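Listed below are the residues making up each chain.
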Amino acid sequence: MTYDVAAIRAQFPGLKRVQNGEPAVFFDNPAGTQMAKQSIDRMVWAMTEVNANLGGQFETSILAGKLVDDAHEAAKDFVNAASVEEIVFGQNMTTLTFMMSRVLGREFKAGDEIVVSRMDHDGNVTPWLIMAEERGLTVKWLDFSPETFEFDLAQLGKIVTEKTRLVAVGYASNVTGTINNVKAIAAAAKAASNGKALVYVDAVQFAPHGVMDVQDIGCDFLVCSAYKFYGPHYGLLWGKQHLLEKLSAYKVRAATNELPSKFVTGTTNREELAGIMGAVEYYAWLGQNYGGASDPKLTRRQRIVAGTEAMLRHDHGLAERLINGLEQVKNVRIMGITDRKSFARRVPTVSFAMEGTDPTEVAKFMADQGIYVWDGHNYGVEPVTRLGLIDKGGVVRVGPTHYNTPAEIDRFLKSLDVYLQRR
């Protein structure tokens, strides 16, 4: 079935924004995508039709409870969890990670080691550094090459030891766009630590661009934020059931100790859960309509996979068009993989720097043209520092996703040319 980007864009009300008489171009997606109509509609439904607290004997409370159950089922299908008991919802990836760093920290002792990476978003670095400082742990770093923008996984066997208790790594970089082989990393970490290291994966940047399968990866925890995959500002964490059962939750006495509610603090934000469910339903809709998964016998998981794969094919085309254009610009350095044969190892997020050019000024100019891009370190403090750009304003980051068009890529490149001519 032909990929109809116009029909897909019609599912995103936010894309109707007009600036200077032209449609706005949303290339700010790595920081937050536009919301799918299915997600918005689900949130409105939750706030108007099933707005009640849980545990009551009346209809709206019972329906609200069903909403919570259904949201867990949707998230289970999205990451391919073994059961709904493995799903934990929270404010966002960073908040969930701070919670888990506190929970896991109780299991570690002085002298234990953890591994964090130079490529990760700070949400998967600072929580662990704070935990290490408080618990007297040794921190080791997994570095990446500023030439290839990838890890040398041979390093992992040298860094991880039998004292290692945690390896925290990103699935995809929000700066370089690199997709890391988290399955190989998990296997190497387990082998080098004699099975003692837990593997914690930040999948925030990968979720909008690739199929997630926690049962295949071999990690222990995976976390992502729904507002990066066409849903609301809320997050979800997957953890192996036996670990979540074993760990102690920080919660009030009246709260349940049963999964999946064990790690929920306070009243569940059900409108956000409804929005996540709607975002997952959008993936399934895309798979059914444009991913070849129209057979009614297929499961939601199968439709999600088909939808994601359809997105990915379009993503690769956008990334190639963008990189082709940037390679024609004098003094531009693309901070990521550019080999077309290696696009399976990158998301379409493209960061670049130009000698003598302030990334903020580029972003401001683009904003005036109705083209939304990011500048700075984008919370990728470690990778931008490793690339030698932290004191130079960071990077310009252009983040197309599956609802963007080749014409929008061309508009950005033309505007960049105008900016450079005016300098």
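Remember, predicted model here, so these are calculated numbers, not experimental data.

Quick look at the overall build of the protein now. If you tally the helices and strands in the protein, you get 14 helices and 15 strands. For 423 residues, the compact-globule formula gives about 22 Å, and the C-alpha radius of gyration of the protein, at 22 Å, lands near that figure. Each of the three principal axes of the protein carries a C-alpha extent, and together these read 65 × 55 × 35 Å. Counting over 423 residues, the protein shows a buried share of 56%.

Moving on: the UniProt feature "domain: Aminotransferase class V" (unreviewed entry) in the protein. Under the local residue numbering, the UniProt record ascribes the feature "domain: Aminotransferase class V" (unreviewed entry) to residues 25-412. Between the end C-alpha atoms of residues 25-412 the distance is 8 Å, and the span holds 40% helix and 14% strand.

Moving on, we get to the pattern of salt bridges. Tallied over the full model, the rule gives 21 salt bridges. Here Asp-112 ties to Arg-165 by a salt bridge, and the two come within 3.9 Å at their closest N and O atoms. One end of the pair, Asp-112, is in the loop between helix H4 (93-105) and strand E5 (113-117); the other, Arg-165, is in strand E7 (residues 164-170), with 53 residues separating them in the sequence. An identical accessibility class is assigned to Asp-112 and Arg-165; each is buried. Salt bridges sharing common partners tie together Glu-73, Lys-76, Asp-77 and Arg-300.

What follows concerns the environment of Tyr-290. By the secondary structure assignment, Tyr-290 is in helix H10 (residues 270-290). For Tyr-290, a relative accessible area of 15% corresponds to the buried category. Between the alpha carbons of Tyr-290 and Met-311 there is a distance of 9.1 Å; along the sequence they are 21 residues apart. Here Tyr-290 is in contact with Met-1, Thr-2, Tyr-3, Asp-4, Ala-7, Ile-8, Trp-285, Ala-310 and Arg-313, once residues within four sequence places are set aside.

Those residues of helix H12 (residues 359-368) lying buried are Pro-359, Val-362, Ala-363, Phe-365 and Met-366. Buried positions in H12, seen along its axis, are confined to an arc of 160° and lie on one side of it. Of the surrounding secondary structure, the elements contacted by the buried residues of H12 are strand E12 (350-354), strand E13 (371-372), strand E14 (374-376), strand E15 (395-398) and helix H14 (406-422). If you check the start of H12, you find a side-chain oxygen 3.0 Å away from the backbone N of Thr-360, and it comes from Asp-358. Immediately beyond the C-terminal end of H12, within one or two residues, lies Gly-370, with a positive phi of roughly 80°.

Attention now goes to the packing of H12 against H14. Running from amino to carboxyl end, H12 crosses H14 at an angle of 120°, the nearest separation of the two axes being 10 Å. The orientation of H12 with respect to H14, classified from their angle, is oblique. Two packed elements cross with a definite hand, and for H12 against H14 that hand is right-handed. Seen from H12, the contacting residues are Glu-361, Val-362, Phe-365 and Met-366; seen from H14, they are Phe-412, Ser-415, Leu-416, Val-418, Tyr-419 and Arg-422. Class assignment for the residues of the contact of H12 with H14 results in seven nonpolar, one polar and two charged.

Moving on, we come to the nonpolar core. Among the nonpolar cores identified, the biggest contains 77 residues, and Phe-78, Val-79, Phe-89, Tyr-171, Met-212, Leu-222 and Phe-229 are the most heavily contacted of them. Looking at this core, the element that brings in the most residues is H10, giving 11 residues. When sequence neighbours within four positions are dropped, the list of residues in contact with Phe-229 reads Thr-33, Phe-78, Ala-207, Pro-208, Cys-224, Leu-236, Ala-279 and Tyr-283.

Take Phe-78: it is sitting in helix H3 (residues 59-79). Remark: the alpha-carbon pair of Phe-78 and Arg-386, spanning 308 residues in sequence, is separated by 33 Å. Leave out the neighbours within four places in its chain, and Phe-78 touches Ala-207, Met-212, Phe-229, Val-280, Tyr-283, Arg-301 and Ile-304.

Looking now at unusual backbone geometry. Omega for the bond connecting Leu-259 with Pro-260 falls within 30 degrees of zero, at 5°, which places this linkage in the cis form. Within the secondary structure layout, Pro-260 lies in the loop between helix H9 (241-246) and H10. Backbone geometry at Tyr-230 places phi at a positive 75°, although glycine is not the residue there. Note that Tyr-230 resides in the loop between strand E9 (221-225) and strand E10 (235-239). With phi around 55°, Asn-378 is a residue other than glycine that occupies positive phi space. With respect to the helices, strands and loops of the structure, Asn-378 is situated in the loop between E14 and helix H13 (381-386). Classification of Asn-378 by relative accessible area gives buried; the value is 10%.

Analysis parameters
- Residues numbered from 1 in each chain as written.
- Predicted model: local features only at pLDDT ≥ 70, side-chain atom pairs only at ≥ 80, totals over all residues.
- Heavy atoms only, no water.
- Helix = DSSP H or I, 4+ residues; strand = E, 2+ residues; numbered from the N terminus.
- Rg over C-alpha atoms; globule rule 2.2 N^0.38 Å.
- Buried < 20%, exposed > 50% of the residue type's maximum accessible area, 1.4 Å probe, protein only.
- UniProt positions renumbered as here; feature names shortened; annotations may be inferred.
- Salt bridge = Lys/Arg side-chain N within 4 Å of Asp/Glu carboxyl O.
- Contact = heavy atoms within 4.5 Å.
- Arc of directions from axis to C-beta.
- Polar contact = N/O pair within 3.5 Å; in protein donor to acceptor, adjacent residues only side chain to side chain.
- Axes fitted to C-alpha atoms, helices over the stretch in contact; angles between N-to-C directions.
- Parallel < 35°, antiparallel > 145°, perpendicular 65-115°, else oblique.
- Left-handed = near helix turned anticlockwise from the far one by under 90°.
- Nonpolar A, V, L, I, M, F, W, Y, C, P; charged D, E, K, R; others polar.
- Core = buried A, V, L, I, M, F, W, Y, C linked by side-chain atoms within 4.5 Å.

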